[in-house]
Amino acid sequence: IRRMILESEPNDAHYAVARLEKEYEVSVITQNGDDFHERAGSTKVIHLHGEALKNTSTKNPYIPFDIDPDNPDIKIGDKAPDGSQVRPYVIFFNENLDYYLCKAAITAIKEADIMVVIGCSLKVFPAAGMIRQLRKDASLIVIDPGEDPLEINRQYKHLKLPATKGMQILEDMLKEL
């Protein structure tokens with residue numbers, strides 16, 4: 001996975017999200033473990049499920065450190081600075097999310113005037129439940145080609161499009177405000 005991420009590039013949607021920072025205060029909350037938002041230029045990114053291009057230790061799984069991009073693989077016996085086994089800095093199934101990252105995400109959601117959910121089914125919890133923290137007077141826009149994913153009691157606009165096309169439309173919508 002790490003080698004695939006390192007060999008891949010952000011798409012137009014990642015760049016569109018980053019461009020929004022020119023006009024708005026933007027917080028990106030992602031469940032993806034890649035660094036595409038940062039490479040596209042986003043400066044405030046919260047990685048709820050960790051970052052695949054970082055390592056951590058089995059002893060302190062919420063304290064990341066950088067990988068060597070020229071040698072990204074982990075082998076049994078590789079030691080972290082604390083002496084325990086190195087592991088990827090990602091949240092595996094049945095592991096808890098980092099409390100501080102969740103707190104940062106919830107704070108960003110509570111402060112948002114507009115929340116844009118991109119390419120997400122909103123079916124994976126606990127992250128999916130965070131949307132309920134959005135203020136009643138805030139706008140919600142979902143960009144996803146699938147059926148209406150939300151089962152919440154609020155109005156929202158659903159652009160049933162892939163992320164790149166939906167972000168083009170969102171940029172145009174925001175210019176009209």
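Quick caveat: nothing in here was measured; it's all calculated off a predicted structure. (Residues numbered from 1 in each chain as written. Predicted model: local features only at pLDDT ≥ 70, side-chain atom pairs only at ≥ 80, totals over all residues. Heavy atoms only, no water.)

K.L.:
How should the overall build of the protein chain be read in this particular structure?
P.N.:
If you tally the helices and strands in the protein chain, you get 5 helices and 8 strands. Against the globule reference of 16 Å for 177 residues, the protein chain gives a C-alpha radius of gyration of 17 Å, in line with a compact fold. Here the C-alpha coordinates of the protein chain stretch approximately 55 × 30 × 30 Å along the principal axes. For the protein chain, buried positions account for 39% of its 177 residues. The contacts of the protein chain with a sequence gap of at least 6 include a subset with a gap of at least 24, amounting to 50%. A total accessible area of about 10900 Å² is found for the protein chain, and carbon and sulfur atoms account for 52% of it. With 22 positive and 28 negative side-chain charges, the protein chain shows a spacing of 4 Å between the two charge centroids. (Helix = DSSP H or I, 4+ residues; strand = E, 2+ residues; numbered from the N terminus. Rg over C-alpha atoms; globule rule 2.2 N^0.38 Å. Buried < 20%, exposed > 50% of the residue type's maximum accessible area, 1.4 Å probe, protein only. Contact = heavy atoms within 4.5 Å. Areas by Shrake-Rupley, 256 points an atom, 1.4 Å probe, with all protein chains shown as cover. Lys, Arg positive; Asp, Glu negative; His and termini not counted. Charge placed at Lys NZ, Arg CZ, Asp CG, Glu CD.)

K.L.:
In this structure, what is going on with the sheet that holds strand β3 (residues 50-57)? I would like to understand it.
P.N.:
Sheets are built from strands paired through backbone hydrogen bonds, the pairs being either parallel or antiparallel. The strand order across the open sheet built from 3 strands is β4-β3-β5, with neighbouring strands paired in antiparallel fashion. Lying at the two open borders of the sheet, with one neighbouring strand each, are β4 (65-66) and β5 (86-90). (Pairing = 2+ DSSP bridges.)

K.L.:
When you look at the pairing of strand β7 (residues 139-143) in this model, what are you seeing that I'm missing?
P.N.:
Successive side chains on a regular strand alternate, one facing one side of the sheet and the next facing the other. Buried residues dominate β7, accounting for 4 of its 5 residues. Bridge count for strand β6 (residues 114-118) against β7 is 5 bridges, and the pairing is parallel. In the strand pairing of β7, V116 is matched with I141. Summarising the sheet, β7 and strand β8 (residues 157-159) pair through 3 bridges and their orientation is parallel. Among the inter-strand pairings, I143 is bridged to a residue of β8, identified as L159.

K.L.:
Sorry if this is basic, but what is going on with the pattern of salt bridges here?
P.N.:
Side chains that differ in charge, positive against negative, can pair when their charged atoms come close. Enumeration according to the criterion identifies 7 salt bridges in this entry. R39 is the salt-bridge partner of D35, the closest N and O atoms lying 2.9 Å from each other. For R39, a relative accessible area of 31% gives the class partly exposed. In this structure, R87 engages E95 in a salt bridge whose closest nitrogen and oxygen atoms are separated by 2.9 Å. (Salt bridge = Lys/Arg side-chain N within 4 Å of Asp/Glu carboxyl O.)

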